[in-house]
Amino acid sequence: ASCVARVTSLGSFRHGVKAIGMSMRLKSPVFPRSASMFNDPFRWETGVSLQGVTRRLLHQLDGINPDVVHIHCLLGYYVNIEMLFEWLLRHRCRVIWTLHDCWAITGHCIHFHSVGCDQWESGCGLAGLCPLQDTYPETFRKGMEKWTYEQKKRIFTSLPTDRMTLVVPSEWLKRYIDRSFFPS
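It should be emphasised that the depicted structure is a prediction, and the values quoted were computed from it without experimental measurement.

### Quick look at helix 3 (residues 51–64)
In an α-helix, one full turn covers 3.6 residues, which means residues spaced three or four apart are oriented alike. For helix 3, which comprises 14 residues, the first-to-last C-alpha distance of 20 Å matches the rise-based estimate of 20 Å (1.5 Å per residue) to within 8%. Among the residues making up helix 3, those that are buried are V53, T54, L57, L58, L61 and I64. Looking straight down helix 3, one finds that the buried residues subtend no more than 130 degrees of arc, so they occupy a single side. Exposed positions of helix 3 whose direction lies more than 90 degrees from the buried face are H59 and G63. N65 occupies a position one or two residues after helix 3 and carries a positive phi of about 50 degrees.

Here it is, written out as structure tokens:
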């Protein structure tokens, strides 16, 4: 399995600032559908399967040494988010993250408002299973919402607030992000 990380925009701006925008596409399935992987929670929970793909992406970033990294969609098992954020923290670059849905602030779902769920405000999985666990994005292990929520909160808030800018395309999403674990 391999994934191609492609630089979609690399520009030099005033004062020599380099910015990078990236897109990733799968050349073949990342996850072989073998029973041993589905039965090994450590591999799924830590994203071991994605470490090789993510190492290649981070190696490309090392070669570019960007001043700004612009992130869009992190869901979908394309990249190991913990490795990505550890790299971002070590490399002191600015991060712009454009959020397109609620995935970053939940333990699983992207649009919880359709079922009136508010578990994301205090911690997904604390009041029961996610009512949308059978919807997109695909979940390989049911009942992981609490763990996933806690990991996202830890990882996504690890960058200093002066280095990460969240961009939201609507007032609707901004209201949710303002009530989330992201610092205001």
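### Comments concerning the packing of aromatic side chains
Within a pair of aromatic rings, the relevant descriptors are the distance that separates the centres and the angle that separates the planes. Taken as a whole and judged by the stated rule, the model has twelve aromatic pairs. The interplanar angle of 25 degrees and the centroid separation of 4.8 Å between the aromatic rings of F112 and W120 together place this pair among those described as stacked. For F112, a relative accessible area of 1% puts it in the buried group. Classification of W120 as buried rests on a relative accessible area of 2%. With a centroid separation of 4.9 Å and 80 degrees between ring planes, the pair formed by F112 and Y176 is classed as edge-to-face. In this pair, F112 sits in the loop between strand 4 (94–98) and helix 5 (145–156) while Y176 sits in helix 6 (residues 171–178), placing the two residues 64 residues apart along the sequence. Each member of the pair, F112 as well as Y176, carries the same accessibility label: buried. Three or more aromatic residues joined by ring pairs form one cluster here, namely F85, W97, W103, Y149, F156, F181 and F182.

Procedures and definitions
- Residues numbered from 1 in each chain as written.
- Predicted model: local features only at pLDDT ≥ 70, side-chain atom pairs only at ≥ 80, totals over all residues.
- Heavy atoms only, no water.
- Helix = DSSP H or I, 4+ residues; strand = E, 2+ residues; numbered from the N terminus.
- Expected span 1.5 Å × (residues − 1).
- Buried < 20%, exposed > 50% of the residue type's maximum accessible area, 1.4 Å probe, protein only.
- Arc of directions from axis to C-beta.
- Phe/Tyr/Trp six-rings, centres within 6.5 Å; stacked < 30°, edge-to-face > 60°.

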